[in-house]
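Here's the letter readout for the chains.
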Amino acid sequence: MKDRHFDALATRFANKIYGGAKGAIRLAVLQADLAEALPARPLRVLDIGAGLGHMGAWLASQGHDVTLAEPAAPMLEAARERFAEAGLQGTFIQAPWQELAHLAQAPYDLVVCHAVLEWLAEPEAIFPALTQWVAPQGWLSLAFYNRDALVYRNLLKGHFRKLRQDLLAGEKQSLTPQTPLDPRHIDAQLAPAWQVESRSGVRVFHDYMPVDFQAKASVEALVAMELEYRRHPAYAGLGRYLHWVCRPR
């Protein structure tokens with residue numbers, strides 16, 4: 001298995017991930033967590049797997065110096081356009097994470113690694129690099145696709161055979177990640193070098209709602225309730241994605 005990039009799927013990715021309530025919830029939770037965690041001063045930021053530049057543009061709009069690294073050329077070009085349309089400045093690097101040691105100007109005050117691990121053939125391989133890129137007093141913003149939520153959703157659908165055979169990886173050309181991640185495994189990988197300071201679930205209830213209920217609720221109401229329950233001890237672990245803000249030990 002190889003790392004998965006999105007050279008041919010940029011438009012589909014934009015529509016599927018950011019075309020509705022799902023994207024609004026995702027951005028709202030990530031931004032709320034970082035607004036709470038980060039100091040009120042400009043930071044040097046590295047956004048790994050920056051995609052279409054949504055988070056990078058938001059961080060730049062907050063006054064931070066943002067470097068966006070993205071291996072897929074169409075995604076990076078869309079990020080450039082997003083910055084240009086908003087009148088924002090950024091540094092853009094077309095490269096997978098493995099090449100950033102030679103291209104990025106580490107260390108950074110904040111490293112953003114959102115929805116990257118689940119597309120890697122060997123997710124654990126990136127952790128040593130993350131420790132090198134984050135400054136000793138810096139932050140790591142880590143968001144990853146939650147295997148527990150995928151299991152729960154399949155249980156609700158009665159896909160018991162699929163679960164017994166552990167058929168949870170997304171198919172080729174699917175936007176379902178190829179490596180759903182067990183949060184306990186990620187915790188173990190982080191523990192030697194990182195302290196997890198906050199843990200939020202992203203879409204802790206939205207994806208479990210019947211479709212007709214989703215349609216009746218406004219995006220504003222959905223976002224407000226997701227923000228309210230994102231750290232609830234009973235629901236945070238059900239988030240389709242988990243967002244952890246970490247500090248070096």
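Not measured: the values here are computed from a predicted model.

### Examining the overall build of the protein
What the protein contains, in helices and strands, is eleven helices and seven strands. By residue count, 48% of the 249 residues in the protein fall in the buried class. Considering only intrachain contacts with a sequence separation of at least 6, the fraction spanning at least 24 residues in the protein is 76%. Of the roughly 12000 Å² of accessible surface on the protein, a fraction of 52% belongs to carbon and sulfur atoms.

### A word on helix 7 (residues 147-157)
Residues Ala149, Leu150 and Asn154 constitute the buried set of helix 7. One side of helix 7 holds all its buried residues, which, seen down the axis, span an arc of 135°. Buried positions along helix 7 lie against strand 5 (134-145) and helix 8 (160-164). Backbone nitrogen of aspartate 148 and a side-chain oxygen of the N-cap are separated by 3.0 Å at the start of helix 7; the cap is asparagine 146. Positive backbone phi, approximately 75°, marks glycine 158, located one or two places after helix 7.

### Side note on the environment of valine 134
Following the sequence through the fold, valine 134 ends up in strand 5. With sequence-adjacent residues up to four places away left out, valine 134 is seen in contact with Pro107, Tyr108, Val111, Trp139, Leu140, Trp194 and Pro248.

### Observations concerning the sheet that holds strand 3 (residues 91-93)
Spatial ordering of the open sheet is given by 3-2-1-4-5-7-6, a layout of seven strands whose pairing is mixed. With partners counted over all chains shown, the strands left at the sheet margins are strand 3 and strand 6 (194-202), one partner each. With direction set aside, neighbouring strand axes in the sheet form an average angle of 15°. Sheet analysis places strand 4 (residues 108-114) next to strand 5, joined by six bridges and oriented parallel. By the bridge assignment, histidine 114 is partnered in strand 5 with alanine 143.

### Let's talk about unusual backbone geometry
Along the chain, alanine 106 connects to proline 107 via a cis peptide bond; the corresponding omega equals 0°. Along the chain, proline 107 falls in the loop between helix 5 (100-103) and strand 4. For arginine 203, which is not glycine, the phi torsion reads 65° and is therefore positive. Looking at the element boundaries, arginine 203 is found in the loop between strand 6 and helix 10 (211-216). Since its relative accessible area comes to 6%, arginine 203 is described here as buried.

### Let's talk about the UniProt feature "binding site: S-adenosyl-L-methionine" (unreviewed entry) in the protein
Within this numbering scheme, the UniProt entry marks Arg26, Gly49, Ala50, Glu70 and His114 as carrying the feature "binding site: S-adenosyl-L-methionine" (unreviewed entry). Relative to the assigned elements, arginine 26 resides in helix 2 (residues 21-37). Look at arginine 26 and you get buried, because its relative accessible area is 8%. When you line up the elements, glutamate 70 lands in the loop between strand 2 (65-69) and helix 4 (73-86). When near neighbours in sequence (up to four residues on either side) are disregarded, glutamate 70 contacts Gly49, Ala50, Gly51, Met75, Leu76, Ile93, Gln94 and Ala95. A distance of 3.0 Å separates a polar side-chain atom of glutamate 70 from the backbone nitrogen of alanine 72.

### Topic: the packing of aromatic side chains
All chains considered together, the criterion is met by five aromatic pairs. On the basis of an interplanar angle of 90° and a centroid distance of 5.0 Å, the ring pair of phenylalanine 144 and tryptophan 244 is categorised as edge-to-face. Here phenylalanine 144, found in strand 5, pairs with tryptophan 244, found in strand 7 (residues 241-248); they are 100 residues apart in sequence, far enough to count as distant. Ring geometry for tyrosine 229 versus tyrosine 235: centroids 5.7 Å apart, planes at 65°, classification edge-to-face. Overall, tyrosine 229 belongs to the partly exposed group, its relative accessible area being 29%.

### Thoughts on the pattern of salt bridges
All told, the structure shown has ten salt bridges when counted by the stated rule. Here arginine 199 and aspartate 187 are joined by a salt bridge, their closest N and O atoms 3.1 Å apart. With a gap of twelve residues between them, arginine 199 in strand 6 and aspartate 187 in helix 9 (residues 183-190) connect regions that are remote in the sequence. Each of Asp33, Glu36, Arg230 and Arg231 takes part in one network of salt bridges that share partners.

Calculation rules
- Residue positions are given per chain, counted from 1 along the sequence in the order it is written.
- Local features in this predicted model are restricted to residues whose pLDDT is 70 or higher, and side-chain atom pairs enter the listing and the counts only when it is 80 or higher, whereas totals over whole chains, interfaces and linings include all residues.
- To get the side-chain values, take all heavy atoms of the structure and skip hydrogens and water.
- A run of H or I in DSSP counts as a helix once it spans at least four residues, and a run of E counts as a strand once it spans at least two, with each numbered from the N terminus.
- Categorising residues by exposure relies on relative accessible area from a 1.4 Å probe, with only protein chains included: less than 20% of the type maximum marks a residue as buried, more than 50% marks it as exposed, and the intermediate range marks it as partly exposed.
- Only heavy atoms enter the contact rule, under which two residues are in contact if any of them lie within 4.5 Å.
- To be clear on the numbers: accessible area is Shrake-Rupley with a 1.4 Å probe, and residue cover counts the displayed protein chains and nothing else.
- This arc corresponds to the set of directions leading from the helix axis out to the C-beta atoms.
- Counting of polar contacts relies on pairs of N or O atoms within 3.5 Å, with two restrictions inside protein: one atom must be capable of donating a hydrogen and the other of accepting it, and residues adjacent in sequence are counted only when both atoms are side-chain atoms.
- Strands are treated as partners if at least two bridges between them are detected by DSSP.
- Every axis in this analysis is a line fitted to C-alpha atoms, fitted for helices over the stretch in contact. Angles between the N-to-C directions lie between 0 and 180 degrees.
- UniProt positions are given in the numbering used here, feature names are shortened, and annotations may be inferred rather than shown by experiment.
- Working definition: rings of Phe, Tyr and Trp (its six-membered ring) pair if their centres are within 6.5 Å, and the pair is stacked with planes under 30 degrees apart, edge-to-face with planes over 60 apart, and tilted otherwise.
- Salt bridges are defined by distance alone: a side-chain nitrogen of Lys or Arg within 4 Å of a carboxyl oxygen of Asp or Glu.

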